[in-house]
There are 2 protein chains.
Amino acid sequence: MPTAAELLRSHSLPVTAQRLAVLRAVSARPHGTADQITETVRGEIGTISRQAVYNVLGIFSEKGLIRRIQPSGSATLYEDRVGDNHHHLVCRTCGETLDVDCATGETPCLNAADEAGYEIDEAEVIYWGTCPRCLKAT
Amino acid sequence: MPTAAELLRSHSLPVTAQRLAVLRAVSARPHGTADQITETVRGEIGTISRQAVYNVLGIFSEKGLIRRIQPSGSATLYEDRVGDNHHHLVCRTCGETLDVDCATGETPCLNAADEAGYEIDEAEVIYWGTCPRCLKAT
DNA sequence: GTATTTTTTTGACAAAGTCCATTTCTTGAT
DNA sequence: ATCAAGAAATGGACTTTGTCAAAAAAATAC
């Protein structure tokens, strides 16, 4: 298990306090928005600019260190669980987001029936529903 | 085949020129943004407020007359193909959006492995890739 | 240590969408 | 037809989320 700093270096990324803190924040609070991550980081290292947060999240996503999720109608979420093929279950009412494994196997829905010449590299699946708590509150 | 006005009435929706025009616009140009729809409608009935477009799109989505699609990094798209279980294929480069049927059958990925007490009502699938044209341009 | 490259900061800006008060239109009943 | 009540549309300000660009600060490689 490499340290966070080693992880960054192995991707040719200069190590900065901001990057380490963002990485920890994403790991500590999965499915957080850029704003929530900024708050967490500020609680840890004092200050960080909004732009730096977006920069870091952007480059981490590119490098595959973290993953973006974009549910309809809410801000982009980030998580550090990458490399496996899992999807997300979002509550329409409270927005709670859960990881779920797909019932159909390891590469669910990765093949469209007619790819129309496209080169497909990812299938993004979001399950929409209502969480137990919000079901009760009805 | 009911007329557009009948369709609205059957959903207890008052019939207005704006609503008819928005419905036609969504039908004529699938996968359009609110802005594109606004333009189309203005070309047809002269003027419509931005708010009215959002109102109409919102209530149509609620009633199931149209469907929202929200690909990461672009505005919400709308289409009038509802009721069947089809998904979308989006080009990362040019943003072109295509309908695709899912290879795994009629209700692909509708069952998550562990639903955690959620009541799931929809599985949203977006395939990401590169369209033939953008592949060539590389 | 120093030079070079990269990152961070700062502040302006843009897109997408929402909120709210007012006016206008639809509908349903007279 | 007309009128009242409720619903929808308008206009304008505002919020949220994210991006752009230039200057300052920090990290890496030598």
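Residues numbered from 1 in each chain as written. Chains lettered and ligands numbered in written order. Predicted model: local features only at pLDDT ≥ 70, side-chain atom pairs only at ≥ 80, totals over all residues. Heavy atoms only, no water.

A. Structural detail: the overall build of chain A. Per the secondary structure count, chain A includes five helices and six strands. Listing each helix as α and each strand as β along chain A from the N terminus yields α-α-β-α-α-β-β-β-β-β-α. In chain A, buried positions account for 42% of the 138 residues. Residue pairs in contact within chain A that sit at least 24 positions apart in sequence constitute 44% of those at least 6 positions apart. Approximately 7200 Å² of chain A is accessible, and the part contributed by carbon and sulfur atoms is 49%. (Helix = DSSP H or I, 4+ residues; strand = E, 2+ residues; numbered from the N terminus. Buried < 20%, exposed > 50% of the residue type's maximum accessible area, 1.4 Å probe, protein only. Contact = heavy atoms within 4.5 Å. Areas by Shrake-Rupley, 256 points an atom, 1.4 Å probe, with all protein chains shown as cover.)

B. Molecular detail of the protein's contact with DNA strand C. Around DNA strand C, the surrounding shell holds 19 residues, and the nearest of these are Thr-16 and Arg-19 of chain A together with Arg-50, Gln-51 and Thr-76 of chain B. Restricting attention to atoms of DNA strand C within 4 Å of the protein, one finds that 63% of them are sugar or phosphate atoms. The separation between a phosphate oxygen of DNA strand C and a polar main-chain atom of Ser-49 of chain A is 2.9 Å. Residue Thr-76 of chain B places a side-chain N or O atom 2.7 Å away from a phosphate oxygen belonging to DNA strand C. Those elements giving two or more residues to the surface near DNA strand C turn out to be helix 2 (17-28) and helix 4 (50-63) of chain A together with helix 4 (50-63) of chain B. The biggest single contributor to the surface near DNA strand C is helix 4 of chain A, with five residues. (Near = heavy atom within 4 Å. Polar contact = N/O pair within 3.5 Å; in protein donor to acceptor, adjacent residues only side chain to side chain.)

C. The sheet that holds strand 1 (residues 32-33) of chain A, seen in detail. Residue and element names in this part refer to chain A. Taken in spatial order, the three strands make up an open sheet running 1-3-2, and their pairing is antiparallel. In this open sheet, the two strands that pair with only one neighbour each are strand 1 and strand 2 (67-69). Sheet analysis places strand 2 next to strand 3 (residues 77-79), joined by three bridges and oriented antiparallel. Bridge pairing in strand 3 links Arg-67 to Glu-79. (Pairing = 2+ DSSP bridges.)

D. Spatial organisation of the pattern of salt bridges. Residues and elements named next belong to chain A. On inspection of all chains with the given rule, the structure shows 13 salt bridges over all chains. For Arg-67, the salt bridge is made with Glu-79, and the minimal N-O distance between the two is 3.7 Å. Of the two residues, Arg-67 sits in strand 2 while Glu-79 sits in strand 3, which places them twelve residues apart along the sequence. By relative accessible area, which is 17% here, Arg-67 ends up buried. Overall, the relative accessible area of 1% leaves Glu-79 in the buried class. With its nearest N and O atoms 2.6 Å apart, the salt bridge here joins Asp-84 to Arg-81. Members of the salt-bridge network, linked through shared partners, are Arg-81, Asp-84 and Asp-99. (Salt bridge = Lys/Arg side-chain N within 4 Å of Asp/Glu carboxyl O.)

E. View of the protein's contact with DNA strand D. Within the structure, DNA strand D sits among 21 residues, and Arg-50, Gln-51 and Thr-76 of chain A together with Arg-19 and Ser-49 of chain B are positioned closest to it. Counting only atoms of DNA strand D within 4 Å of the protein, the sugar-phosphate share comes to 63%. A distance of 2.6 Å separates a base nitrogen of DNA strand D from a polar side-chain atom of Arg-50 of chain A. Between DNA strand D and the protein, one listed contact pairs a base nitrogen with a side-chain N or O atom of Gln-51 of chain A at 2.4 Å. Among the secondary structure elements, those contributing two or more residues to the surface near DNA strand D are helix 4 of chain A together with helix 2 (17-28) and helix 4 of chain B. A per-element tally of the surface near DNA strand D places helix 4 of chain B first, with four residues. Residue composition of the surface near DNA strand D, by class: eight nonpolar, eight polar and five charged. (Nonpolar A, V, L, I, M, F, W, Y, C, P; charged D, E, K, R; others polar.)

F. Inspection of the environment of Arg-68 of chain B at higher detail. Residue and element names in this part refer to chain B. If you trace the backbone, Arg-68 turns up in strand 2 (residues 67-69). Classification of Arg-68 as partly exposed rests on a relative accessible area of 41%. What Arg-68 contacts, discounting residues up to four positions off in sequence, is Gly-58, Ser-61, Thr-76, Leu-77 and Tyr-78. A distance of 3.3 Å separates a polar atom in the side chain of Arg-68 from a polar atom in the side chain of Tyr-78.

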